[in-house]
Amino acid sequence: ISEAVNVRRALTGAEFRRLRHYLGWSQRMAADVLAVSSNSVCRWESGARQFPSIAGTMLRAFAARRLGSDEPVINLILRLNALKKTDDTGRRICS
């Protein structure tokens, strides 16, 4: 598990599934946490679709926290703060 948390490349579908199981999450629970459909999680894990890197980052952060490390959580917060802060029409979506 710690290898999948610390790897600096995109997670594979199998690694994503392994981290989800480590967290004790069903596909539905992972979908709810990541704000996607459970079908998306299924497709990611099977390799039928590439998942967004932020989804892998979030899953790693939750698993790292369970392992007792806050560093990935801090990196996740920094990454989220760097995301686009306007919608497609140019309106601010967060302050």
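Residues numbered from 1 in each chain as written. Predicted model: local features only at pLDDT ≥ 70, side-chain atom pairs only at ≥ 80, totals over all residues. Heavy atoms only, no water.

### Some points on helix H4 (residues 38-46)
Phase 1 of the analysis: Ser40, Val41, Trp44 and Glu45 are the residues of H4 that are buried. The buried residues of H4 occupy one face: seen down the axis, they fall within an arc of 130 degrees.
Phase 2 of the analysis: Residue Gly47 follows H4 closely and has a positive phi angle near 85 degrees. (Buried < 20%, exposed > 50% of the residue type's maximum accessible area, 1.4 Å probe, protein only. Helix = DSSP H or I, 4+ residues; strand = E, 2+ residues; numbered from the N terminus. Arc of directions from axis to C-beta.)

### Regarding unusual backbone geometry
Phase 1 of the analysis: For Ala35, which is not glycine, the phi torsion reads 60 degrees and is therefore positive.
Phase 2 of the analysis: Residue placement: Ala35 occurs in the loop between helix H3 (27-34) and H4.
Phase 3 of the analysis: For Ala35, a relative accessible area of 71% gives the class exposed.

### What to know about the packing of aromatic side chains
Phase 1 of the analysis: Inspection of the entire model under this criterion finds 4 aromatic pairs.
Phase 2 of the analysis: Seen from their ring centres, Phe16 and Phe51 are 4.9 Å apart, and the 45 degrees between their planes marks the pair as tilted. One end of the pair, Phe16, is in helix H2 (residues 13-23); the other, Phe51, is in the loop between H4 and helix H5 (53-67), with 35 residues separating them in the sequence.
Phase 3 of the analysis: Judged by relative accessible area, Phe16 falls into the buried class, the value being 0%.
Phase 4 of the analysis: Its relative accessible area of 7% is what places Phe51 among the buried residues.
Phase 5 of the analysis: Consider the rings of Trp44 and Phe51, whose centres lie 5.8 Å apart with planes at 55 degrees: the pair is tilted.
Phase 6 of the analysis: The ring of Tyr22 has Arg66 sitting right over it, with the charged end atom 4.4 Å from the ring centre. (Phe/Tyr/Trp six-rings, centres within 6.5 Å; stacked < 30°, edge-to-face > 60°. Lys NZ or Arg CZ within 6 Å of the ring centre and 35° of its normal.)

Such coordinate-based values are descriptive only and should not be taken to indicate function.
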